[in-house]
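Listed here are the chains, written in short residue letters.
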Amino acid sequence: MIRLQNIEKVYRTDTVETLALNKVSLEIAKGEFLSIMGPSGCGKSTLLNIMGLLDEPSKGDVKIDNQKTDNLSDKQLAQFRNKKIGFIFQSYHLINDLQVLDNVELPLLYRSTTAKERRQLATEALAKVGLSNRVKHFPSQLSGGQKQRVAIARAIVGQPEIILADEPTGNLDSAMGNEIMDILLQLNKNDGTTIVMVTHDENMAHKTHRLVRLFDGSQVQ
Amino acid sequence: MIKHLFKLIWNKKKQNFLLMSEMLVSFLVIFAVFTLMVYYYNNYKKTMGFDYENLWVVNYNNTYQTKSTDSLNTFYENLRQTIKSMPQVKEVSFCSDNVPLSQNQNQGNANYKNIAVSSDHYTVDDNYRNAMNLQLLEGRWFNKADANAKIKPVIISDELRDRLFGNGVALGKMIGIEDKKFDLRVVGVIQGVKARGDYSPAKTAIYWRIDTGSYRWLGKMMVKVTPDADAAFEGKLYKTLANYMKDSNIEIEHMVNKRKSTNLFNLVPMIVTLIVAFFLVINVALGLFGVLWYNINKRKGEIGLRRAIGASGQSVSSQLVSESMILATLSLIVGTFFAIQFPLLNVFDLKAGIYIVAMILSIIFIYLLVLVCSLYPGKQAAAIYPAVALHEE
């Protein structure tokens, strides 16, 4: 499903050159639930961003669904992300000025869907994460766990094959974290969604199919 | 997407209120400026109604003391003949002090039935039309036979004709200057004269023929000269006049110069308004630019998110520009509501068309201003890399 080959990422300033990823190669099968762990600054999020086509590697190839991505235009990349990938972030990234339902509908705005279809799909996605009773609320009226569930609903509303989650439980207490993890596991099990999750939590990581560890930009496990 | 943007704008109405107010105030000021400009331009493109080239105005005061009206008339008729006999002089005409492009005015009503129209009143002789090259539209100009007419003849401008008679016939109609006393017969209609310069409209006007006693108080002489009339001839004319009218204060002015100074005087309020408007527009442009720039920095997380979930750089840029244009549209709807009151309530007595054109120009101007101010911030937003934007949040 996702194939990374000899990925290198170097951040350059006028005076400093920082190697964030060093020859990382990784293959993630369809339907797999993979977690990535490592200390802060080891390149976990950079790797996830490269997988999600939010960032481009300095060297190496990224293939998703057997398609090379390095020659895609900005518009094609945007369409690719919209159709294939759902994102979940540690800080939720909800738009505070939009109601829950409108936040969930967002990815569908960049597709040719009718308002009625959008509404229906968003309502179904919210039902999946158990937030049918919060559709008219604004993000500021929700708890952290509820916000992350809205973010999951937004990630799955377009029925992507891949979900990339960057520390989805990082801002939540253990109970809330477990709830979110259960939802992700259900999505992986029931819908066959491929999930890649960056986490600091060993317990969460051990619930996934495979664990990859990074250290100083290199894969150590 | 439009519905989504409206929802976003509505939910951020408090933040958008100041920006919209700024756009609204700008629209109203720009509307005032454009109204003035359209009004001036409309007046400017209309003909002056008289020929100011090679036309001189002689200012004098009557110093010929006599009780005999005939003697007075003969005195000035001889003066007229003397001047007219000069080779550079084409026509000479005596008239009241309120010649076009002067600061003097003589205003009163012109009445017909129940209609009363404030008008300029001019007292002129039979040669005035030739001297000024006035365009006669209907009827005739004054002639010697009018001296014995039982009913006093008058000539009116086409503006006064339209105001008094609408589409009806003016010639032969009886009008008056006092209430319910219609003792003047309209014998001619001339094209209106822009007496206050190129940028002012031709006012409603009524022309009276001088009568036997008029020379006692008339103080202006229009002298139409040939194009080769130079300073030497002007000196010669001055000497002739000074010798003939002893003790009179004589001054010769050129209509071309009077037109220039009058136009400049009329342009001053517009120039001042334009300067004020220019600084205001610069302020508004910088304000809009700053607010949109600030919004982009404040909304980097949202921009990053939109890029992540499927928005291309172009669509992010379009969204920000569209948001600004929607805000401008909402402000313009409110602004147009206020602006439309001017023609509806006939404020300042201007034609509705002037306000409508000014409104359209102001709307186009504000849209262009907002577009220009939002294009660069929008382009900057498109250039933000999604990973960077999401990280900054």
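Residues numbered from 1 in each chain as written. Chains lettered and ligands numbered in written order. Predicted model: local features only at pLDDT ≥ 70, side-chain atom pairs only at ≥ 80, totals over all residues.

Engineer: What should I look at first to understand the pairing of strand 6 (residues 85–89) of chain A in this one?
Structural biologist: Residue and element names in this part refer to chain A. With five of five residues buried, strand 6 lies mostly within the body of the structure. Covered by surrounding structure in strand 6 are Ile85, Phe87 and Phe89 together with Gly86 and Ile88, the residues of both alternating faces. Summarising the sheet, strand 6 and strand 7 (residues 162–166) pair through five bridges and their orientation is parallel. Across the sheet, the residue bridging to isoleucine 88 is alanine 165, located in strand 7. (Buried ≥ 20, exposed ≤ 12 C-beta atoms within 10 Å, placed from the backbone. Helix = DSSP H or I, 4+ residues; strand = E, 2+ residues; numbered from the N terminus. Pairing = 2+ DSSP bridges.)

Engineer: What am I meant to see in the pairing of strand 3 (residues 33–37) of chain A here?
Structural biologist: The two faces of the sheet receive side chains in turn, since in a regular strand these alternate between them. Residue and element names in this part refer to chain A. Within strand 3, five of the five residues are buried, which leaves it mostly tucked inside the rest of the structure. The side-chain alternation of strand 3 yields two buried faces, one formed by Phe33, Ser35 and Met37 and the other by Leu34 and Ile36. Here strand 3 pairs with strand 8 (residues 194–198) via four bridges, running parallel. What sits directly across from leucine 34, in strand 8, is valine 196. Summarising the sheet, strand 3 and strand 9 (residues 210–215) pair through four bridges and their orientation is parallel. From the neighbouring strand, leucine 34 faces strand 9, where its bridge partner is arginine 210.

Engineer: Sorry, what's going on with the interface of chain B and chain A here?
Structural biologist: Where interface size is given, it is often the accessible area lost as the parts come together that is meant. Counting from both sides, the interface comprises 22 residues of chain B and, opposite them, 22 residues of chain A. Counting only elements with at least two residues in the side of chain B that touches chain A, the list comes to helix 1 (2–11), helix 8 (300–308), helix 9 (313–339) and helix 12 (386–392) of chain B. The element contributing the most residues to the side of chain B that touches chain A is helix 8 of chain B, with five residues. Its residues assigned to classes, the side of chain B that touches chain A shows nine nonpolar, eight polar and five charged. (Contact = placed C-beta atoms within 7 Å. Nonpolar A, V, L, I, M, F, W, Y, C, P; charged D, E, K, R; others polar.)

Engineer: When you look at the nonpolar core in this model, what are you seeing that I'm missing?
Structural biologist: Looking at soluble globular proteins, one finds that nonpolar side chains tend to be buried together. Counting 104 residues, the largest nonpolar core has Val104, Leu126, Ala153, Leu164 and Val196 of chain A together with Ile366 of chain B as its most contacted members. Element by element, the count of residues in this core is highest for helix 11 (residues 352–383) of chain B, at 11 residues. Of all hydrophobic cores here, the second largest spans 54 residues; its members include Tyr60, Cys95, Val189 and Met221 of chain B. (Core = buried A, V, L, I, M, F, W, Y, C linked by C-beta atoms within 7 Å.)

Engineer: It is not clear to me how the sheet that holds strand 5 (residues 67–68) of chain A should be interpreted in this structure. Could you clarify?
Structural biologist: Hydrogen bonds between backbone groups are what pair the strands of a sheet, and the pairing can be parallel or antiparallel. All names here are of chain A. Strand order in the open sheet formed by four strands is 2-1-4-5, with antiparallel pairing between adjacent strands. The open sheet terminates on both sides in strands that have one partner only, identified here as strand 2 (17–28) and strand 5. Here helix 1 (residues 44–51) sits on the sheet and contacts strand 1 (2–12), strand 2 and strand 4 (59–64); the angle it forms with strand 1, its principal contact strand, is near 120°. (Axes fitted to C-alpha atoms, helices over the stretch in contact; angles between N-to-C directions.)

Engineer: Can you walk me through unusual backbone geometry in this structure?
Structural biologist: The phi torsion of most residues other than glycine is negative, and most of the peptide bonds are trans. With phi around 50°, lysine 23 of chain A is a residue other than glycine that occupies positive phi space. Residue lysine 23 of chain A is classed as partly exposed on the basis of its 14 C-beta neighbours within 10 Å. Even without a glycine there, the phi angle at asparagine 346 of chain B is positive, about 50°. Checked against the element boundaries, asparagine 346 of chain B lands in the loop between helix 10 (341–344) and helix 11. Look at asparagine 346 of chain B and you get exposed, because 12 C-beta atoms sit within 10 Å.

Engineer: Quick question: what am I supposed to make of helix 2 (residues 13–44) of chain B here?
Structural biologist: It helps to recall that an α-helix has 3.6 residues per turn; residues three or four apart then point in one direction. Residues and elements named next belong to chain B. Along its 32 residues, helix 2 runs 44 Å from first to last C-alpha, staying within 8% of the 46 Å computed at 1.5 Å per residue. Looking only at helix 2, the buried set comprises Asn16, Met23, Ser26, Phe27, Ile30, Phe31, Val33, Phe34, Thr35, Val38 and Tyr39. Against helix 1, helix 7 (255–298), helix 9 and helix 11 lie the buried residues of helix 2. (Expected span 1.5 Å × (residues − 1).)

Engineer: Could you clarify how one ought to interpret the environment of aspartate 173 of chain A in this entry?
Structural biologist: All names here are of chain A. Topologically, aspartate 173 is positioned in the loop between strand 7 and helix 6 (174–191). By C-beta crowding, aspartate 173 is classed as exposed, having 11 other C-beta atoms within 10 Å. Considering only alpha carbons, one finds aspartate 173 and leucine 214, 41 residues apart in sequence, at a separation of 25 Å.

Engineer: What's the story with the packing of helix 7 of chain B against helix 11 of chain B in this structure? I'm lost.
Structural biologist: The description of two packed helices rests on the angle between their axes and on the distance between the axes. All names here are of chain B. Remark: helix 7 packs on helix 11, axes separated minimally by 9 Å, with the N-to-C direction vectors making an angle of 25°. One finds that helix 7 runs roughly parallel with respect to helix 11. Crossing of helix 7 over helix 11 shows right-handed handedness. Of the residues in helix 11, those touching helix 7 at Val281, Val284, Ala285, Leu288, Phe289, Leu292, Trp293 and Ile296 are Leu369, Val370, Cys373, Ser374, Pro377, Gln380 and Ala381. Along the lines of polarity and charge, the residues of the contact of helix 7 with helix 11 split into 13 nonpolar, two polar and no charged. (Parallel < 35°, antiparallel > 145°, perpendicular 65-115°, else oblique. Left-handed = near helix turned anticlockwise from the far one by under 90°.)

Engineer: What am I meant to see in the domain arrangement of chain B here?
Structural biologist: Residue and element names in this part refer to chain B. Domain boundaries assigned for chain B yield domain 1 (2–45 + 261–392) and domain 2 (61–249). Each partner contributes residues to the interface: domain 1 has seven residues there, and domain 2 has eight residues. Within the residue set of the side of domain 1 that touches domain 2, elements represented by two or more residues are helix 2 and helix 7. It is helix 7 that provides the largest number of residues to the side of domain 1 that touches domain 2, a total of four residues. Tallied by class, residues from the side of domain 1 that touches domain 2 come to three nonpolar, four polar and no charged. (Domains from an automatic or database assignment.)

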